[in-house]
Amino acid sequence: MRVSASAGGRRGFYADDAGRGAPRRGRRGLPLSKKVKGAGSVRRRVGAEAAVKAARIQVILDSLYPEPAIPLEHADPFTLLVAVVLSAQTTDKKVNQVTPALFAAAPTPEALARLSVAEIAAFIREVGLAPQKARALHGLAERLVNEHGSRVPATFEQLVQLPGVGRKTANVVLSQAFGQPAFPVDTHIHRLAARWGLSRGRTPDHTEQDLRRLFPEAAWNRLHLQIIYFGREYCPALRHDLGACPICSWAATKQRIADERRRGAGSQRARG
Ligand code: SF4
């Protein structure tokens, strides 16, 4: 199992899952092969122009990040699943700081299920949303022990039934732990796909459908990492020059370029 040396990051790699974006409790998880409800016609929303852009973007990302590694320390599918659940709304650095002690005390689902919620919370207290995550991890461990023979299930449908596991977390585990083609989309990828004109999806789930259509299946597992690395390295939080960007300089929609110019002019007026 690959463990990345790159543990830093100004924000969590999988910043917004922990069940968010997942089907609501009680609903069945969406099989990968099915459209996301409400996505409409992907074909209608993703045109030929987007396909050309996607191919060019893939070449750029492959050259920038030929072998992207997942930045969350883990040893097996179970520890990866726990780390991804913990990574919601926190930095990878923080997750990687707390998981060594947690995994030393609870390297298996059985051991984690034996800990109380309070004990788990004590291990992860420096991570955001620690009380909710401690409850989710305890419930998740119990479900793995009682329903899956203490193993992480390797199907999307089973993964999204686990506490704290949303569509994106399930896709991360499928792609990184089991090598199955999956395209996890968080808010960062969702936003970049819109900026690059690859999707007009209203939600990350809709965007996932578009990206799966645009990029070859063999590239999905590395593309979601590459796009996140790109966002971290190139996309500052504040307004900036699209012309200096390796991708937006040619891929941004005319509408967005006009919007950015307007905003830039507005902020200059405000400063002056
Ligand atoms: S223009 Fe800015 S936001 Fe767009 S991809 Fe480039 S760096 Fe990121």
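For the structure given in this document, a descriptive report is provided here. Quick caveat: nothing in here was measured; it's all calculated off a predicted structure.

## Some remarks on the overall build of the protein
The helix and strand inventory of the protein stands at 14 helices and zero strands. Helices (α) and strands (β) of the protein occur, in sequence order from the N terminus, as α-α-α-α-α-α-α-α-α-α-α-α-α-α. In the protein, 70% of the contacts between residues at least 6 apart in sequence involve partners at least 24 apart.

## Details of helix H12 (residues 217-234)
Here H12 spans 25 Å end to end across 18 residues, near enough to the 26 Å set by a 1.5 Å rise per residue. Considering bend angle alone, the principal kink of H12 is centred on Leu-223 and spans about 40°. Every buried residue belonging to H12 is among Asn-221, Leu-223, His-224, Leu-225, Gln-226, Ile-227, Ile-228 and Phe-230, and all of these are buried. Contacts from the buried residues of H12 go to helix H2 (48-64), helix H9 (167-178) and helix H10 (187-195).

## Some words on the nonpolar core
Leu-81, Val-84, Val-85, Leu-137, Val-173 and Trp-196 are the most contacted members of the largest nonpolar core, which totals 61 residues. The dominant element in this core, judged by the number of residues it contributes, is helix H3 (residues 77-86), at eight residues. Residue-level mapping places this core at the junction of two domains, with at least three residues from each of domain 1 (1-235) and domain 2 (242-271).

## Quick look at the packing of H10 against helix H11 (residues 204-214)
It is the contact of H10 with H11, at a shortest axis distance of 9 Å, that shows an interaxial angle of 60°. Classified by the angle between their axes, H10 and H11 sit oblique to one another. The way H10 lies across H11 gives a crossing that is left-handed. Between H10 and H11, the residues in contact are Thr-187, Ile-189, His-190 and Ala-193 and Pro-204, Thr-207, Asp-210 and Leu-211, respectively. Across the contact of H10 with H11, the residue classes tally to four nonpolar, three polar and one charged.

## Thoughts on H2
When the terminal C-alpha atoms of H2 are compared, their 25 Å separation across 17 residues agrees well with the 24 Å that a helix rising 1.5 Å per residue should span. For H2, the elements touching its buried residues are H11, H12 and helix H13 (248-251).

## Observations regarding the packing of H3 against helix H7 (residues 130-147)
The axes of two packed helices give the description: the angle between them and the distance between them. The N-to-C vectors of H3 and H7 enclose an angle of 155°; their axes lie 10 Å apart at closest approach. With respect to their mutual orientation, H3 and H7 come out roughly antiparallel. Viewed along their axes, H3 and H7 form a crossing whose handedness is right-handed. Contacts between H3 and H7 involve Val-82, Val-85 and Leu-86 from the first element and Lys-133, Ala-136, Leu-137 and Leu-140 from the second. Class assignment for the residues of the contact of H3 with H7 results in six nonpolar, no polar and one charged.

Rules used in this analysis
- Here the residue index of a chain counts from 1 through its sequence in written order.
- For this predicted model, a pLDDT threshold of at least 70 governs which residues receive local features, and a threshold of 80 or more governs which side-chain atom pairs are given and counted, while totals over whole chains, interfaces and linings are taken from all residues.
- Runs of E in the DSSP output that reach at least two residues are strands. Runs of H or I that reach at least four are helices, and both are numbered from the N terminus.
- Each residue is represented by a C-beta atom placed from its backbone, and any two residues with such atoms within 7 Å are regarded as in contact.
- Here, expected helix span is obtained from the residue count minus one, scaled by 1.5 Å.
- Each residue is assigned a bend, namely the angle between axes fitted to the seven residues that terminate at it and the seven residues that start at it.
- Residues with at least 20 neighbouring C-beta atoms inside 10 Å of their own are called buried, those with 12 or fewer are called exposed, and the rest are partly exposed, where every C-beta is derived from the backbone.
- Working definition: the nonpolar core is a set of buried Ala, Val, Leu, Ile, Met, Phe, Trp, Tyr and Cys residues, joined through C-beta atoms within 7 Å.
- Each domain's limits were defined by an automated method or a database of domain assignments.
- Working convention: axes come from line fits to C-alpha atoms, limited for helices to the stretch in contact. Angles between N-to-C directions cover 0 to 180 degrees.
- Working definition: roughly parallel below 35 degrees, roughly antiparallel above 145 degrees, roughly perpendicular at 65 to 115 degrees, and oblique for all remaining angles.
- Whether a crossing is left-handed or right-handed is set by the direction in which the near helix is turned from the far one by less than a right angle, anticlockwise for left-handed and clockwise for right-handed.
- Residue polarity is assigned by list, with Asp, Glu, Lys and Arg as charged and Ala, Val, Leu, Ile, Met, Phe, Trp, Tyr, Cys and Pro as nonpolar; anything else, Gly included, falls into the polar class.

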